[in-house]
Amino acid sequence: MKEIVLETRGLAKRYGRRWVVEDLDLSVRQRDVYGFLGRNGAGKSTTIRMILGLVRPTRGEVLVAGRTIRAGGRRSPWPVGAIIESPVFYDYLSGRTNLELLASLSGGAPASRIGQVLELVGLTDRQRDPVGVYSHGMRQRLGLAQALLPRPELLILDEPLDGLDPNGIRDLRQVMTNVVETEGVTIFLSSHILSEVELTCNRVLVIHQGRRVFEGSTAELIADAGHVRLRTAGPRDPEPVLRGLGFIEAIGRENGAWRLRLPQERVPELNRALVAAEIDVMELTPLRRRLEDIFIGLTEAAGSEGAG
Amino acid sequence: MEFLRLVRVEWVKTMRMRSTYIAFVVAGILVMTVQLGVYFNADESPFYRFLEANGFDTSLLVNAFIGTRLAMEVGFGLLMAPMIILTFARQVAGEDLRGTLRLMLVRPIGRLDLLLAKFLVCSLYVGLLMGFFLGLSYGMGIVLYGPKDSITVARPWEVEPETGSGEAGGAAGPPNQRWEEMTEAERAQARATRRGRRDRRFQTIARYVITPGQGLKRLLIAWPLTSWALLTVGSIAFFFSVINKHPIAAMALTVGTYFMVMILQGLASQSNIIPLFQWIQPYLFTTAMDFWRGCFSVEIEWGSVGRHAALLGGYTLGFFALAQWIFWRKDITS
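Just so it is clear, the model here is predicted, and its values are computed rather than measured.

Trainee: I would appreciate a short explanation of the domain arrangement of chain A in the present structure.
Mentor: Interfaces are frequently sized by the accessible area removed from exposure as the parts join. As far as domains go, chain A holds domain 1 (4–220) and domain 2 (224–288). For domain 1 of chain A versus domain 2 of chain A, the separation of C-alpha centres amounts to 44 Å.

Trainee: Would you mind going over the confidence of the model for chain B with me for this structure?
Mentor: The predicted coordinates ought not to be read in detail in places where the model reports low pLDDT. Residues and elements named next belong to chain B. Averaged over all residues, the pLDDT of chain B is 85; the fraction at 70 or higher stands at 85%. Averaged over each element, pLDDT in chain B is lowest for strand 1 (residues 152–153) (59) and highest for helix 12 (residues 302–329) (96). Between residues 164–173, whose pLDDT stays under 50, and residues either more than four places distant or in other chains, the model counts 18 contacts. Here the complex is predicted with pTM 0.82, and the ipTM for its interfaces comes to 0.79.

Trainee: Sorry if this is basic, but what is going on with the environment of Gly 72 of chain A here?
Mentor: Among the structural elements, Gly 72 of chain A can be located in the loop between strand 5 (67–68) and strand 6 (80–84). Each C-alpha atom of the pair Gly 72 of chain A and Met 176 of chain A lies 29 Å from the other, and the pair is 104 residues apart in sequence. Beyond its immediate sequence surroundings of up to four residues, Gly 72 of chain A is in contact with Gly 53 of chain A together with Gly 110, Arg 111 and Trp 328 of chain B.

Trainee: Looking at this structure, I do not really get the sheet that holds strand 9 (residues 203–208) of chain A. What am I missing?
Mentor: Two pairing modes exist for strands in a sheet, parallel and antiparallel, and in both the strands are linked by backbone hydrogen bonds. Residues and elements named next belong to chain A. As summarised here, the arrangement of the six strands in space is 6-7-8-3-9-10, forming an open sheet in which the pairing is mixed. The open sheet has two edge strands with one neighbour each: strand 6 and strand 10 (211–217). If you compare each strand with its neighbour and ignore which way they point, the axes differ by 15 degrees on average. In the sheet, strand 3 (residues 33–38) pairs with strand 9 via five bridges, with the strands oriented parallel. Bridge pairing in strand 9 links Gly 38 to Ile 207.

Trainee: Before we go on, may I ask you to explain the nonpolar core in this structure?
Mentor: General note: in soluble globular proteins, nonpolar side chains tend to be found buried as a group. Ala 145, Ile 156 and Phe 188 of chain A are the most contacted members of the largest nonpolar core, which has 147 residues in total. When residues of this core are assigned to their parent elements, the largest contribution, 15 residues, is made by helix 6 (residues 111–145) of chain B. The residues contacting Ala 145 of chain A, other than those within four sequence positions of it, are Leu 99, Val 117, Leu 118, Leu 120, Val 121 and Leu 123 of chain A.

Trainee: Hey, could you run me through the environment of Gly 132 of chain A in this one?
Mentor: Residue and element names in this part refer to chain A. Inspection of the secondary structure puts Gly 132 in the loop between helix 3 (111–120) and helix 4 (136–148). Residue classification places Gly 132 among the exposed positions, given that 11 C-beta atoms sit within 10 Å. Between the alpha carbons of Gly 132 and Pro 57 there is a distance of 34 Å; along the sequence they are 75 residues apart. For Gly 132, the residues in contact, after removing those within four places along its chain, are Asp 91 and Tyr 92.

Trainee: So what exactly am I meant to see when it comes to the interface of chain A and chain B here?
Mentor: Counting residues at the interface gives 24 residues for chain A and 26 residues for chain B. Secondary-structure elements contributing two or more residues to the side of chain A that touches chain B are strand 6 and helix 2 (95–105) of chain A. By residue number, the principal contributor to the side of chain A that touches chain B is helix 2 of chain A, which donates four residues. Class assignment for the residues of the side of chain A that touches chain B results in 14 nonpolar, six polar and four charged.

Trainee: Explanation requested: the environment of Pro 247 of chain B in the structure shown.
Mentor: Residues and elements named next belong to chain B. Within the element layout of this structure, Pro 247 appears in helix 9 (residues 247–270). On the basis of neighbour count, Pro 247 is assigned to the buried category, with 23 C-beta atoms found within 10 Å. In sequence terms Pro 247 and Phe 24 are 223 residues apart; their C-alpha atoms lie 20 Å from each other. Leaving out residues up to four positions away in the same chain, Pro 247 has contacts with Ala 89, Arg 90, Ala 93, Gly 94, Leu 97 and Ser 241.

Trainee: It is not clear to me how unusual backbone geometry should be interpreted in this structure. Could you clarify?
Mentor: Where the residue is not glycine, phi is negative for most of them; where a peptide bond is considered, it is trans in most cases. All names here are of chain A. With phi around 50 degrees, Asn 255 is a residue other than glycine that occupies positive phi space. Within the secondary structure, Asn 255 sits in the loop between strand 12 (250–254) and strand 13 (257–261). For Asn 255, a count of 7 C-beta atoms within 10 Å corresponds to the exposed category. One non-glycine residue, Glu 278, adopts positive backbone phi at about 55 degrees. With respect to the helices, strands and loops of the structure, Glu 278 is situated in the loop between helix 9 (267–276) and strand 14 (280–288).

Trainee: Whenever I open this one, helix 2 of chain A confuses me. Can you help?
Mentor: Residue pairs three or four apart in sequence face the same way in an α-helix, which turns once every 3.6 residues. Of all the eleven residues making up helix 2 of chain A, nine are buried; the element is thus mostly covered by neighbouring parts of the structure. Of all the positions in helix 2 of chain A, only Gly 95, Arg 96, Thr 97, Asn 98, Leu 99, Leu 101, Leu 102, Ala 103 and Leu 105 of chain A are classed as buried. Buried positions along helix 2 of chain A lie against helix 3 and helix 4 of chain A together with helix 1 (2–15) and helix 5 (100–105) of chain B. Looking at the residues trailing helix 2 of chain A, positive phi occurs at Gly 107 of chain A, about 100 degrees.

Cut-off values and rules
Residues numbered from 1 in each chain as written. Chains lettered and ligands numbered in written order. Predicted model: local features only at pLDDT ≥ 70, side-chain atom pairs only at ≥ 80, totals over all residues. Domains from an automatic or database assignment. pLDDT = per-residue confidence, 0-100. Helix = DSSP H or I, 4+ residues; strand = E, 2+ residues; numbered from the N terminus. Contact = placed C-beta atoms within 7 Å. Pairing = 2+ DSSP bridges. Axes fitted to C-alpha atoms, helices over the stretch in contact; angles between N-to-C directions. Core = buried A, V, L, I, M, F, W, Y, C linked by C-beta atoms within 7 Å. Buried ≥ 20, exposed ≤ 12 C-beta atoms within 10 Å, placed from the backbone. Nonpolar A, V, L, I, M, F, W, Y, C, P; charged D, E, K, R; others polar.

This is the structure we're talking about:
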């Protein structure tokens, strides 16, 4: 069992009479790349700020590496690096000086480490330029560099892909993959770019109006509840065979192929039955849903429940 | 150790910011204007003419100290205080607005430590600014007049101009009566009146004449006192910086408070109609802020200086403690 790096218990925040986050439980394990999803105003940023000690929870608690985090207090050790929304820096200072100052606030870092993170994010050539002249993408990369400086165990990234071009997104994804693999970092990623979350995250949490609507593995979420697509060739009609197999729960047609629902572990059995009936199987593919569709479905369902 | 690192970070941030030096530039312009004004035009002043008419060696009258005192008189309340407000008011609100506050607070530093480090750096800045102001002014005076302060009058501008002309000396005789038309007895009375008035004027001046050679020493005493006084205004700006998201709002509130209290002080000193104002006057921070002038009396009344310094310290500590308490509880949502 992997160690829990980040955990919230009954976390809640109220502004005035409105609960922005309500009784949120989550747990992120070591080396997870954990996607944190929700519509605008769902309470993602407030949750992240509570985790980082910027916002004081109305109730509940946050534990990082088993220690309770209190807003405002000194935190030591603090194995966390973070980017919150658009990374901002002291524009009149160079990228390197910004990193030097921020490193000293995290207990100091040798010059070699600063050089290392600058190289990792591809800013070595521009390190002496004032941040004021950096492009948005360069600022995002510098944001990642400052987050990685103290060699964190947990990296909290709030919308790190915002405003990046496709190359920038690919580069950032590559950096994230690298740090997980080479430095064993756990990533907590909040993003609106669901295709990226689908590509990079092994677990996801979906919240709506401050409440959890799903937490689990990405594979589990996007697996289409046991649906497979079957495409055959030749004169034989597979329908009688399919109807004769008791474990097939639903049979339908979709774009010239069969869409079947059955337990995933019975798929090989289905294949054997078709071959035995001399039906040429051209395709037998477990279907996956797009995360975007699932996300919209989950949040709309939660919304209508809330309205009801 | 970690706290010292934090102070260093704040120091680097402050000293590398161009706007930090605006106050130094403005102070420099004021000092030069006043010193050059004194250099070219002091001999036109009633004070100068009065001493000249009474046989004083006026070449020793205008010196580095006089120019510096005049620059302090005009620059302290109306220029240095607003400059300090600009610096203190942007400390938290400015960083909150830019978003750099969250950049710092997601690191393992305590909020109280951060605020204390910012306040310490700002206090150093106040000391530097006042040191620059006094040092530049005195240095420029030395260049213009040489190292002399044989007659060191703390408040020459308080000497009233001499009215009237001629031997009668204006109001010395009966109204509108010419000297030639006076009787001997009237002339003797007029001479006596004029002598008496001149003696009183000398006595007034004597109250402010510091022992020769004391000018620089008194300015060195004034340095920490003026810095201490400005720190009080700074602490108010700091407090407003914590409770506002925008530095302009913090500046406006502080300037508003500062001028409002100055108006109250003015009402109290000019009117005896409303006793309440007179009752609160000794407790207003603007009243106490003038305590640095005490170091230019012939004899410094240390008891009075200490009382006012303690009152200002109370204000500073109070506003800073309030700022800490609010900042500790504040949600950083920028």
